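Inside the fold
Next come the chains, spelled out residue by residue.
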Amino acid sequence: MKYLMFLFLTPLLMAFQCESDDPALFDNLDTTDLLGRWEIQDEILNGNISDMIPRCCEFLEFDPDDVITDRNGYLTYTNSQGLVNSGTFEVTLDNQTILFIDEENNEFVFDFSINDSQENLTIDFTEDETNYTQTWVRIE
């Protein structure tokens, strides 16, 4: 009887002792270095510094979605006045652009680059015939 119990329990115990050889899940967005929270540092309008006052209190937060094989996720913009604009984003690495679609289905496209230390995000876009270049600093 003891032998029978041993034969029965051994496979069960071994089933819980095995570690998975599956590689850790890796989201394709990780390769973009965008994920995380960023705070604005400065802004240039049509090639001129917008003002000499230090920028602050505007944030971008890039989060992954549930599909790890794409380069889509969630983006939230917030500022100190309480404005929150959320939606989805899609990264195109070929031309370093991000397509942001907010909750009201407004589309917004901007170019991006991240420096080698992955601490500064630069975005470029045009709105109402004004060219913007913004620098954002990673805070999380």
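Bear in mind the structure is a predicted one, so any value in this text is a computation, not a measurement.

Quick look at the side chain of Asp 102 now. Tracing the backbone through its elements, the reader meets Asp 102 in strand β6 (residues 97-102). No salt bridge is formed by the buried Asp 102; the nearest opposite charge belongs to Arg 37, separated by 18 Å. Only 2.9 Å separates the side chain of Asp 102 from the backbone nitrogen of Glu 104, close enough to count as a polar contact. Setting aside residues no more than four positions away along its own chain, Asp 102 makes contact with Asn 85, Ser 86 and Gly 87.

Let's shift gears to the side chain of Thr 97. Examined against the element boundaries, Thr 97 turns out to sit in strand β6. Separated by 2.9 Å, the side chains of Thr 97 and Asn 95 make a polar contact. With near-sequence residues (within four places) excluded, Thr 97 lies in contact with Glu 90, Val 91, Thr 92, Val 109, Phe 110, Asp 111 and Phe 112.

It is worth spelling out unusual backbone geometry at this point. Notably, Asn 46 is not glycine yet its phi reads approximately 50°, a positive angle. Its location among the elements puts Asn 46 in the loop between β1 (36-45) and β2 (48-49). Residue classification places Asn 46 among the partly exposed positions, given a relative accessible area of 44%.

Counting across every chain of the model gives four aromatic pairs. Ring centres of Phe 108 and Phe 110 lie 5.7 Å apart, and the angle between their planes is 45°; this geometry places the pair in the tilted category. Residue Phe 108 is classed as partly exposed on the basis of its relative accessible area, which comes to 25%. Stacked on the ring of Phe 59, the Lys or Arg Arg 37 has its end atom at 4.2 Å from the ring centre.

Okay, the pairing of strand β3 (residues 58-64) next. Two strands pair when backbone bridges link them, and β1 and β3 are joined in this way by four bridges, in the antiparallel orientation. Along β3, the bridge assignment pairs Gly 36 with Phe 62. Pairing of β3 with strand β4 (residues 72-79) involves seven bridges; the strand directions are antiparallel. When the bridges of β4 are listed, Glu 61 appears paired with Thr 76.

Rules used in this analysis
- Residues numbered from 1 in each chain as written.
- Predicted model: local features only at pLDDT ≥ 70, side-chain atom pairs only at ≥ 80, totals over all residues.
- Heavy atoms only, no water.
- Helix = DSSP H or I, 4+ residues; strand = E, 2+ residues; numbered from the N terminus.
- Buried < 20%, exposed > 50% of the residue type's maximum accessible area, 1.4 Å probe, protein only.
- Lys, Arg positive; Asp, Glu negative; His and termini not counted.
- Salt bridge = Lys/Arg side-chain N within 4 Å of Asp/Glu carboxyl O.
- Polar contact = N/O pair within 3.5 Å; in protein donor to acceptor, adjacent residues only side chain to side chain.
- Contact = heavy atoms within 4.5 Å.
- Phe/Tyr/Trp six-rings, centres within 6.5 Å; stacked < 30°, edge-to-face > 60°.
- Lys NZ or Arg CZ within 6 Å of the ring centre and 35° of its normal.
- Pairing = 2+ DSSP bridges.

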